Amino acid sequence: MAKSTEHFSCQSCGASYRKWQGKCDSCSEWNSIVEDSGKQVVPKGLSSGKGRQLEFTTLDAEKSDYKRHFCGLNELDRVLGGGFVPGSSILIGGDPGIGKSTILLQAVGLMAKRGYTCTYISGEEATQQISMRAKRLGLTDSPVQLAAANSLRDIVTSLEKSAPPDLLIIDSIQTMYADNLDSAPGTVSQVRACSQELIRLAKKLNCALMLVGHVTKDGQIAGPRVLEHMVDTVLYFEGDRGHQFRILRAVKNRFGATDEIGVFEMTDMGLQEVANPSALFISNQEKDISGASVFAGMEGTRPLLVEIQGLVAPSQQATPRRAVVGWDSSRLAMILAVLDARCGLSLAGNEVYLNVAGGLRVNEPAADLAVAAALVSSISDIPVPEKSIIFGEIGLSGEIRAVGQTDARLKEAAKLGFEAAIIPLGSKIKDPTIKIIEVEHLSEIVSLFTREKAAVNA
């Protein structure tokens, strides 16, 4: 017989150990290793003749094409790639109170009104609490099947003995438990086992499954990393408590693109879709405001205009502070080094603050030129040219590199009333709708503000 031994596992990353230790060598977390009460048995070899023969199919599109279910929230459907795919599993995570349960309740409410069978199972709230939220959202007349349960066995039994739903919501996976495991809900073994069984059930019933996951203090989905590998789609709900905007972003999607975002606005009536987010992420461009530029970015197929704010202030400290919100701090350090080495603009004795307005996070390299323009504008105290947008990537030699989808950025700017665009030299433009100012080197941006300052002083 196989010999059973003590077994320990990390509750943060799932790493296994033969004995207890204070720090996990895999994820560097302290006091996260606990003993698994279940016996670890060495698996035996497979005997021949006891398996079932697999049924193979082809890659024919007609056989593998699934009809998606549209929930009615266009921003959510956009991020999912066109709606819910039957038999798929989706994991959504986000900070507490960001609006995960709200958006899912709105999604199942709208789908149920459209004739789909939707089941919402909550392990954190009672049905009365969810009904109160549904009343506030105006969804009390929606025929949603609502239940409050934590036992995986009860959930599986109830779903198998009734008509299979089109959409199943589990809120949240960390509260579910399987009674054949002795560990507490939320542990690595429970999360892995419950997720695997629910995904298997969803594929068997051919229903879309949506799991809500808790996040750690670092913003990552709690539990074993294998959970994100098991599901088909991983969504993150982002947002700043100081702003009413919420960003839904896909980091993994087997049935669509991962560079699409959905923009929502938190109101008293729940999350409202923002059809034109560019108008919300930019403020009125006044003539006497320096240190602010408008960046024309792309989020998937959607052009998005966002305001970049920069502030350069003298510092009395030996190591001046560099604070960044909504952008990569390493990329800011690179821009400052290029301004110093290639343009002769020394910022070593100044504090530098950079902020992306509206709580949005920008990951596109095309924002380099807009960041540099905001910093140079703050140093010279000269505003960026009125009603102009800026985009372009900066190289280490100071050259401005062209970026893709230039026409879509320019059309979005023209639609919002912008009249000029500072873009890299050599950009492919089919039909310019606004005035184009092409720059080849970062020094041209510095010279632009130098001329403006000289004109003002004159």
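Bear in mind the structure is a predicted one, so any value in this text is a computation, not a measurement. (Residues numbered from 1 in each chain as written. Predicted model: local features only at pLDDT ≥ 70, side-chain atom pairs only at ≥ 80, totals over all residues. Heavy atoms only, no water.)

A word on the overall build of the chain
Operational definition: Where helices and strands are cited, they refer to DSSP runs of H or I of at least four residues and of E of at least two residues respectively, numbered from the N terminus. Any two residues having at least one pair of non-hydrogen atoms within 4.5 Å are treated as being in contact. To be clear on the numbers: accessible area is Shrake-Rupley with a 1.4 Å probe, and residue cover counts the displayed protein chains and nothing else. The charged-residue count follows a simple rule in which Lys and Arg add positive charge and Asp and Glu add negative charge, with His and chain termini not counted at all. The location of each charge is read from NZ of Lys, CZ of Arg, CG of Asp or CD of Glu.
In terms of helices and strands, the chain carries 12 helices and 21 strands. Expressed along its principal axes, the backbone C-alpha trace of the chain runs to roughly 90 × 55 × 50 Å. If you take every contact in the chain between residues at least 6 apart in sequence, the share linking residues at least 24 apart comes to 65%. Counting every atom, the chain has about 23,200 Å² of accessible surface; 50% of that belongs to carbon and sulfur. Positive and negative side-chain charges in the chain, numbering 48 and 53 respectively, have mean positions lying 6 Å apart.

Let's talk about the pattern of salt bridges
Two side chains of opposite charge can pair, provided their charged atoms sit close to one another. Filter applied, for reference: Within this document, salt bridges are pairs made up of a side-chain nitrogen of Lys or Arg and a carboxyl oxygen of Asp or Glu, the two lying within 4 Å of each other. Exposure is judged per residue with a 1.4 Å probe applied to protein chains only, and the accessible area is read against the type maximum: over 50% gives exposed, under 20% gives buried, and values in between give partly exposed.
Evaluated as defined, the whole model comprises 18 salt bridges. For Glu125, the salt bridge is made with Arg133, and the minimal N-O distance between the two is 2.7 Å. For Glu125, a relative accessible area of 19% translates into the label buried. Across the pair Glu419 and Lys387 runs a salt bridge, and its minimum N-O distance is 3.9 Å. On the criterion of sequence distance, the pair formed by Glu419 in the loop between helix 11 (406-415) and strand 20 (420-424) and Lys387 in the loop between helix 10 (368-380) and strand 17 (388-390) is long-range, its members being 32 residues apart. Classification of Lys387 by relative accessible area gives partly exposed; the value is 36%. Where salt bridges share partners, they join Lys203, Asp232 and Arg254 into one cluster.

Some points on the sheet that holds strand 16 (residues 350-356)
Rules: Note on pairing: two strands pair once DSSP finds at least 2 bridges between them. Between the N-to-C directions of two axes lies an angle of 0 to 180 degrees, each axis being a line fitted to C-alpha atoms and, for a helix, fitted only over the stretch in contact.
Taken in spatial order, the 7 strands make up an open sheet running 15-16-14-13-17-20-21, and their pairing is mixed. At either end of the open sheet lies a strand with only one pairing partner, and these are strand 15 (322-325) and strand 21 (435-439). Across the sheet, the axes of successive neighbouring strands diverge by a mean angle of 25°, strand direction being ignored. The sheet contact formed by strand 13 (residues 292-299) and strand 14 (residues 302-314) spans 8 bridges and is antiparallel. When the sheet's bridge partners are listed, Ser293 is paired in strand 14 with Ile308.

Structural notes on the packing of aromatic side chains
Where we set the bar: Centre distance within 6.5 Å is the pairing criterion for rings of Phe, Tyr and Trp, where only the six-membered ring of Trp is used; planes under 30 degrees apart are then read as stacked, over 60 as edge-to-face, and the remainder as tilted.
Counting across every chain of the model gives 2 aromatic pairs. A centroid spacing of 6.2 Å and a plane angle of 75° characterise the contact between Phe237 and Phe264, whose relative ring orientation is edge-to-face. Here the residue Phe237 occupies a position in strand 9 (residues 233-239), and Phe264 occupies one in strand 11 (residues 261-267), the gap between them amounting to 27 residues. As far as the burial class goes, Phe237 and Phe264 line up, both buried. With centroids separated by 5.2 Å and ring planes inclined at 55°, the aromatic side chains of Phe245 and Phe281 adopt a geometry described as tilted.

Considerations on the state of the cysteines
The test is simple: Working definition: a disulfide is two cysteine sulfur atoms within 2.5 Å of each other.
By the definition in use, this model includes 0 disulfides. Just so you know, Cys10 is unpaired, no disulfide at all, and the nearest cysteine sulfur is the one on Cys27, 3.7 Å from it.

Looking at the nonpolar core
Applied cut-off: The nonpolar core is taken to be a set of buried Ala, Val, Leu, Ile, Met, Phe, Trp, Tyr and Cys residues, with the residues joined through side-chain atoms within 4.5 Å.
Counting 61 residues, the largest nonpolar core has Phe295, Trp327, Leu339, Leu369, Ile389 and Leu442 as the members making the most contacts within it. The leading source of residues in this core is helix 10, at 8 residues. Ignoring anything within four residues of it in the chain, the contact list for Trp327 reads Leu332, Ile335, Leu354, Val356, Arg361, Val362, Glu364, Ala367, Asp368 and Val371. One finds Val79, Ile90, Phe237 and Leu271 within the second-largest nonpolar core, a separate group that totals 33 residues.

Just geometry here; none of it tells us what the structure is for.
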